[in-house]
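# Structural overview for review
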Amino acid sequence: MNMLLFFTLGLFVHFVFFVSIFDIYFTSPLVHGMTPQFTPLPPPAKRLVLFVADGLRADALYELDENGNSRAPFLRNIIMYEGSWGISHTRVPTESRPGHVALIAGFYEDVSAVAKGWKENPVEFDSLFNESKYTWSWGSPDILPMFAKGASGDHVYTYSYDAKTEDFGANDATKLDTWVFDNVKDFFDTARNNQSLFSKINEEKIVFFLHLLGIDTNGHAHRPSSRDYKDNIKKVDDGVKEIVSMFKHFYGNDGKTTFIFTSDHGMTDWGFHGAGHPSETLTPLVTWGAGIKYAQKVSAQQFDDAFLKEWRLENWKRQDINQGILPVDYLNNTDLFKAESMFTNAVQILEQFKVKMTQKKEVTLPFLFTPFKLLSDSKQLNILRKARSYIKQGKFDEAVSLCKELIHLALEGLSYYHTYDRFFLGINVVAGFVGWTSYASLLIIKSHSNLTRGLTVKKSSHLLPYGFLAAGLLVALFLLIQACPWTYYVYCLLPVPIWYAVLREFQVVQDLVASLLTFPLSHFVGYLLVFTVGIEVLVLSFFYRYMLTAGLIVFAGWPFLTKLWTQAKITSLSWTVFSLLLAVFPLMPVVGRTPDISLVMGAGLLVLLLSLFAVPSLIKRKGSLAKEELLVHLLQILSTVLSMYVVYSTNSSLLRKQGLPLMNQILSWAVLASSLVVPLLSSPALFQRLFSILLSLMSTYLLLSTGYEALFPLVLSCLMFVWIHMEQETLQQSGISCKKKLASIQFSYTMDITQFRQLYLDDIRRAFFLVFFLVTAFFGTGNIASINSFELASVYCFLTVFSPFMMGALMMWKILIPFVLVMCAFEAVQLTTQLSSKSLFLIVLVISDIMALHFFFLVKDYGSWLDIGTSISHYVIVMSMTIFLVFLNGLAQVLTTKKLRLRGKPKSHHM
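Since the model is a prediction, treat every value here as computed from it, not as a measurement.

A few words on the overall build of the chain. From N to C terminus, the chain includes 34 helices and eight strands. Looking at the chain as a whole, 53% of its 911 residues qualify as buried.

The structure is reproduced here in structure tokens:
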């Protein structure tokens, strides 16, 4: 098969495998088409005022300061005398959009929203705002529009400030909250003189939503332990007090207003959120007013934590809730009202169950449909009749208990029908995975090894293509009858041509078996065991980063296990030293680290020192090309100096709360833009080009660093340089060819294909080294399986105004820089060992696919959301690595082989 066609098909196949988990595990759980259900009794309140203090941790609000005083005296007074309180438990991802959806729409956000940056509506959903008569909301332009766009009709009004004011480098983020409070006051002043508006805000079923972003912004910029974050809480408390007083005065203390104060998510000590740390998932809930129980004093309370004692709230009843679930215990109403509310809730969920069951039954062949047996039609009617009977008899507790049982069964049934096709789809994806990995392995053996050389090729049977064509038609017919979505056709039909391609190579399988039978059994078992252990170490490193340290320590001993130590002592010693140095990084803390600009400056000085060592050799060289290369080198030194200046200057400016200086921002983007162009101006000589790439990328990496991670690419590159030398030594040891002087080797875009050799067993080790170094580059300083592993402070040299996609792109480039360094070094290894990049890439593909199959089986959609998110991340990372390898391989080839001239025509370089 043509290699270009193979790689194109490979990208398509891996893209299908990549998106498959979202169809199999994470389709939208929402059900449409139910009949609305309402409680027959009148509500206790006419209006709701909802305060959401974005990014506010529960402990930050409830704890007392160093003087024993509350940071929020008004809200603490509510807890002690007027209302109910507790901890609201959020779920991962602890981001603003899913948090607000849980609060206002009553369900946990599905994964598809991540493609919209948690802003837009990937699926239509109902919300409290949509069911209200009118809703007025004030706050962030990132949050308010999603509920207005999702509403039917024109009754949800939003008032937002400019998105540019969400600046993490601003001198006073509390102005975001002050803006909200001032605009609410102005709104009510206007209403007094506007009869139309006045009549609207005196209707029933009215909601006022105040989104307060200042605390979140100060937390990101200065961390929750800062004076800025804590002072912002006091400002919010004062603002809430004024708004409550205004409402009471405006409505004449009619007792028909309910107030809720809460948060969408918390924040870690290092100023981030998104994962499942308690500081992110524990948020405050304080509620008072119409229909809410008054403060309840108790003598003792049982909780699994020590918060009550820490906060000195042991004697005030705490009632914890899960975000998005109505807490009946908070309601101050009759038992009849509670029972009717629970009955209505049960009927609503039962309606969803019925619609979901009908939808699945309609598209499934009758003899294949298996209903949910725990909730048959007769059982549904029986429970509903009993519950209604209990309510009529005044047995409200029994009715509530029965309704809770029905809700539990209906939710189980919803989950059953939602995951009805999961096993079927999973089997097809696994069949495709195994088939593709088998085909890639056979292609390696057939085209790039000596195992099948000289053996006759038998013509395949004509029955084979007809058999697979018939199988494909049967599968398509089966899916058509069941009215399956088009994605099912892709997952179910993809294995058919893949396994056809595998069985076409049956002769290669026979030849392989024949070759292996001549191989000593003990050697075969030994090699298989080593390969298996290596794969499992890579898989385990996704869960336990110290496995990378263990692997690098084994790598450090590699020269001593072979003859390399005797023939190249200095190279071997260098390999051991840099392997052990790199092994330190996975042991360093991933999260919670505080910025240490001195380490970034130290890394910059080391880069400058290495750069200056190269200057004398460039000065000694003669000719116009030598002058040009010296100029490029000096330009890269200047770029490093500028990066160090920008990092130091920006950090100082932000500490003084003067924001990001414009000149620093311009310089940062200029360094980033030039980092991929300047290396192309350097000499194509192997080590000169690699060193030039390191200098350019390190300039950008310094701008994206906040601490010790700035040293990581430097140590990694040193190990990569030694790796190139080590592979040269292994060539001489194996006797494959005479080793060439590295100093004489140049990167070339037009390679002589006659110099490529066949694959040997040692090449599997080289491919494994590449995968291991790529995983180390990925997890060396930050485990992105946890979204809070990286700090927003990393991008402050480029921008401080909140922009999730731009910030995400910059963080992604920070992750990819070590990747690019490894891939460029691997280009050199391929060149010096006379190996085709295609053959080694195929081995890497097989290794990463075996890892991906591991993680496919480990994907979860149950348990804690931290576990679920981590399992998704692991699979996505491995699949992305496979897809990105093609891109990175191309980028590495451009960076190493292309040559630009400062003047004149570009010059081609050949070996």
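Once you've had a look at it, read on.
Formed by 157 residues in total, the largest nonpolar core has its most connected members in W575, F773 and M851. Broken down by element, the residue count for this core peaks at 18 residues, all from helix α32 (residues 804-832). Judged by nonpolar contacts, the second largest core, of 54 residues, contains A72, W136, V244 and L313.

Between its first and last C-alpha, helix α7 (residues 175-192) extends 26 Å over 18 residues, near the 26 Å set by a 1.5 Å rise per residue. Along α7, the residues classified as buried are L176, D177, V180, F181, V184, F187, F188 and A191. Seen along its axis, α7 keeps its buried residues to an arc of 145°; they face one direction. Next to the buried residues of α7 lie β3 (134-139), β4 (156-160), α8 (195-200), β5 (206-212), α9 (214-222) and α10 (227-250).

Here we take up the sheet that holds β4. Across the sheet, which stays open at both edges, the eight strands sit in the order β4-β3-β5-β1-β6-β7-β2-β8 with mixed pairing between neighbours. Of all the strands in the sheet, just β4 and β8 (321-322) have a single pairing partner and so form its edges. Of the strand pairs in this sheet, strand β2 (residues 84-89) and strand β7 (residues 282-289) are connected by six bridges, and their pairing is antiparallel. Bridge pairing in β7 links I87 to P284. Along the sheet face, α7 touches β3, β4 and β5 and points at about 155° away from the line of β5.

Right, let's talk about the environment of E280 for a bit. Within the secondary structure, E280 sits in helix α11 (residues 278-281). Between the alpha carbons of E280 and G55 there is a distance of 8.2 Å; along the sequence they are 225 residues apart.

What follows deals with the side chain of S127. Assignment of secondary structure puts S127 in the loop between α4 (96-105) and α5 (128-131). Overall, the relative accessible area of 7% leaves S127 in the buried class.

Moving on to the pairing of strand β6 (residues 257-262). Of all six residues in β6, five are buried, a share of seventy percent or more. Two strands pair when backbone bridges link them, and strand β1 (residues 47-53) and β6 are joined in this way by six bridges, in the parallel orientation. Its bridge partner lying in β6, L48 is registered against T258. The sheet contact formed by β6 and β7 spans five bridges and is antiparallel. Residue pairing across strands places T258 opposite G289, the latter belonging to β7.

The next subject is the packing of aromatic side chains. All told, the structure shown has 65 aromatic pairs when counted by the stated rule. Geometrically, the ring pair formed by W136 and F208 is stacked, given 5.6 Å between the ring centres and 15° between the ring planes. Of this pair, W136 sits in strand β3 while F208 is found in strand β5, placing the two residues 72 residues apart along the sequence. Each member of the pair, W136 as well as F208, is classed as buried.

Summing up the model confidence of the chain, the mean pLDDT is 84 and the portion of residues at 70 or higher is 87%. In the predicted structure, residues 115-119 sits below a pLDDT of 50 and forms 16 contacts with residues beyond four places in sequence or in another chain.

What follows is about the packing of helix α16 (residues 422-448) against helix α33 (residues 837-858). One way to put it is that α16 packs onto α33 with a least axis distance of 10 Å and a crossing angle of 160°. One element, α16, and the other, α33, form an angle in the roughly antiparallel class. Two packed elements cross with a definite hand, and for α16 against α33 that hand is left-handed. Of the residues in α33, those touching α16 at G426, V429, V430, F433, V434, W436, T437, A440, S441, L443, I444 and H448 are S839, L842, I843, L845, V846, D849, I850, A852, L853, F856 and F857. Split by residue class, the contact of α16 with α33 holds 17 nonpolar, five polar and one charged.

Applying the stated criterion across every chain, the model contains 23 salt bridges. Salt-bridge contacts for D254 lead to R47; the nearest nitrogen and oxygen are separated by 2.9 Å. Of this pair, D254 sits in the loop between α10 and β6 while R47 is found in strand β1, placing the two residues 207 residues apart along the sequence. The exposure class of D254 is partly exposed, given its relative accessible area of 33%. In this structure, D231 engages R227 in a salt bridge whose closest nitrogen and oxygen atoms are separated by 3.6 Å. Of this pair, D231 and R227 both sit in helix α10, four residues apart, which is roughly one turn of that helix. Overall, R227 belongs to the partly exposed group, its relative accessible area being 47%.

Residues F74, L75, R76, I78 and I79 constitute the buried set of helix α3 (residues 73-82). Contact partners of the buried residues in α3: α2 (58-62), β2, α10, β6, β7 and α12 (307-311).

What follows is about a nonpolar patch on the surface. Nonpolar side chains collect at one region of the surface, where L516, F519, L521, F524, V525, Y527, L528, L761 and I764 lie side by side and expose about 810 Å² of accessible area between them. For the nonpolar patch, the secondary structure elements donating two or more residues are α21 (521-541) and α31 (761-779). A total of five residues in the nonpolar patch trace back to one element, the largest contributor, which is α21. Tracing the backbone through its elements, the reader meets F519 in the loop between α20 (506-517) and α21. We classify F519 as partly exposed; its relative accessible area is 34%.

Along the chain, T344 falls in helix α13 (residues 335-362). A polar side-chain atom of T344 sits 2.9 Å from the main-chain carbonyl oxygen of E340.

Attention shifts here to the environment of G659. As for its placement among the helices and strands, G659 is situated in the loop between α27 (624-655) and α28 (662-674). What makes G659 buried here is its relative accessible area of 7%. In sequence terms G659 and L799 are 140 residues apart; their C-alpha atoms lie 9.7 Å from each other.

If you trace the backbone, L609 turns up in helix α26 (residues 597-620). Each C-alpha atom of the pair L609 and I637 lies 9.7 Å from the other, and the pair is 28 residues apart in sequence.

Before going further, it helps to examine unusual backbone geometry. Residue R312 is not a glycine yet carries a positive backbone phi of 60°. For R312, the position within the fold is in the loop between α12 and β8. In this model, K657 sits at a positive phi of 60°, which is unusual for a non-glycine residue. Within the element layout of this structure, K657 appears in the loop between α27 and α28.

The rules behind the values
- Residues numbered from 1 in each chain as written.
- Predicted model: local features only at pLDDT ≥ 70, side-chain atom pairs only at ≥ 80, totals over all residues.
- Heavy atoms only, no water.
- Helix = DSSP H or I, 4+ residues; strand = E, 2+ residues; numbered from the N terminus.
- Buried < 20%, exposed > 50% of the residue type's maximum accessible area, 1.4 Å probe, protein only.
- Core = buried A, V, L, I, M, F, W, Y, C linked by side-chain atoms within 4.5 Å.
- Expected span 1.5 Å × (residues − 1).
- Arc of directions from axis to C-beta.
- Contact = heavy atoms within 4.5 Å.
- Pairing = 2+ DSSP bridges.
- Axes fitted to C-alpha atoms, helices over the stretch in contact; angles between N-to-C directions.
- Phe/Tyr/Trp six-rings, centres within 6.5 Å; stacked < 30°, edge-to-face > 60°.
- pLDDT = per-residue confidence, 0-100.
- Parallel < 35°, antiparallel > 145°, perpendicular 65-115°, else oblique.
- Left-handed = near helix turned anticlockwise from the far one by under 90°.
- Nonpolar A, V, L, I, M, F, W, Y, C, P; charged D, E, K, R; others polar.
- Salt bridge = Lys/Arg side-chain N within 4 Å of Asp/Glu carboxyl O.
- Patch = residues over 30% accessible without salt bridge, like charges linked within 9 Å, V, L, I, M, F, W, Y side chains within 5 Å.
- Areas by Shrake-Rupley, 256 points an atom, 1.4 Å probe, with all protein chains shown as cover.
- Polar contact = N/O pair within 3.5 Å; in protein donor to acceptor, adjacent residues only side chain to side chain.

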